[in-house]
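Analysis of the macromolecular model
Listed here are the chains, written in short residue letters.
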Amino acid sequence: MAKRIKSRPQERGFIMFDIVYTDGSRASNRRVPVEILGGLDGDEPARQLIAEQEEEIARKAGRPGREIQSLTRSPIVKPKPVA
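First, a word on scope: everything that follows refers to the structure included in this document. Nothing here was measured: the structure is a model prediction, and the numbers come from that model.

Conventions adopted
Residues numbered from 1 in each chain as written. Predicted model: local features only at pLDDT ≥ 70, side-chain atom pairs only at ≥ 80, totals over all residues. Heavy atoms only, no water. Pairing = 2+ DSSP bridges. Helix = DSSP H or I, 4+ residues; strand = E, 2+ residues; numbered from the N terminus. Axes fitted to C-alpha atoms, helices over the stretch in contact; angles between N-to-C directions. Contact = heavy atoms within 4.5 Å. Phe/Tyr/Trp six-rings, centres within 6.5 Å; stacked < 30°, edge-to-face > 60°. Lys NZ or Arg CZ within 6 Å of the ring centre and 35° of its normal. Salt bridge = Lys/Arg side-chain N within 4 Å of Asp/Glu carboxyl O. Buried < 20%, exposed > 50% of the residue type's maximum accessible area, 1.4 Å probe, protein only.

Quick look at the sheet that holds strand 2 (residues 26-33)
Reading across from one edge, 2-1-3 is the order of the three strands in this open sheet, with antiparallel pairing throughout. Edge positions in the sheet fall to strand 2 and strand 3 (68-73), since each of these pairs with one other strand and no more. Strand-to-strand, the axes of this sheet are offset by a mean angle of 30 degrees, without reference to chain direction. The sheet contact formed by strand 1 (residues 14-21) and strand 2 spans six bridges and is antiparallel. Following the sheet pairing, phenylalanine 14 is matched in strand 2 by proline 33. Sheet strands touched by helix 1 (residues 44-61): strand 1, strand 2 and strand 3. Its angle to strand 2, the strand with the most contacts, is close to 115 degrees.

A look at the environment of glycine 65
Its location among the elements puts glycine 65 in the loop between helix 1 and strand 3. Taking the C-alpha atoms as reference points, glycine 65 and alanine 51, 14 residues apart in sequence, are found 8.7 Å from one another.

Things to note about the packing of aromatic side chains
Evaluation of the coordinates by the stated rule reveals zero aromatic pairs. Sitting over the ring of phenylalanine 14, arginine 31 keeps its end group 3.8 Å from the ring centre. A cation over an aromatic ring shows up here: arginine 66 above the ring of tyrosine 21, its NZ or CZ 3.9 Å from the ring centre.

Description of the pattern of salt bridges
Within this structure, the stated rule accounts for six salt bridges. With a shortest N-O distance of 3.9 Å, glutamate 44 and arginine 47 are connected by a salt bridge. With glutamate 44 and arginine 47 both in helix 1 and three residues apart, the pair spans about one turn of that helix. Residue classification places glutamate 44 among the partly exposed residues on the basis of a relative accessible area of 36%. In this structure, the salt-bridge partner of lysine 60 is glutamate 56, at a minimum N-O distance of 3.2 Å. Pair noted here: lysine 60 and glutamate 56 are both in helix 1, with a separation of four residues, about one helical turn. Judged by relative accessible area, lysine 60 falls into the exposed class, the value being 63%.

With respect to the environment of aspartate 18
Along the chain, aspartate 18 falls in strand 1. Aspartate 18 sits in the buried class, given a relative accessible area of 15%. Expressed as a C-alpha distance, the spacing of aspartate 18 and serine 70, which sit 52 residues apart in the sequence, is 8.4 Å. With near-sequence residues (within four places) excluded, aspartate 18 lies in contact with Arg26, Ala27, Ser28, Asn29, Ser70, Leu71, Thr72, Ser74 and Pro75.

Laid out in structure tokens, this is it:
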């Protein structure tokens, strides 16, 4: 029998980002699909996606959009052990 080649695990899910806008406000835990990250562009695709989401939110709310100052990955929170 031929030996089965083990496939790599698929990366699925979302990466959370914290955003600071130029007006000083913050948004935490904005979800970005893993599939668009990881290339040579780093987290730049996440910035573009979040900017598009922000434009849509601002348009629906009837207010001007906010400009992103910085974008960082949210820290991964590990669940506390149950005693």
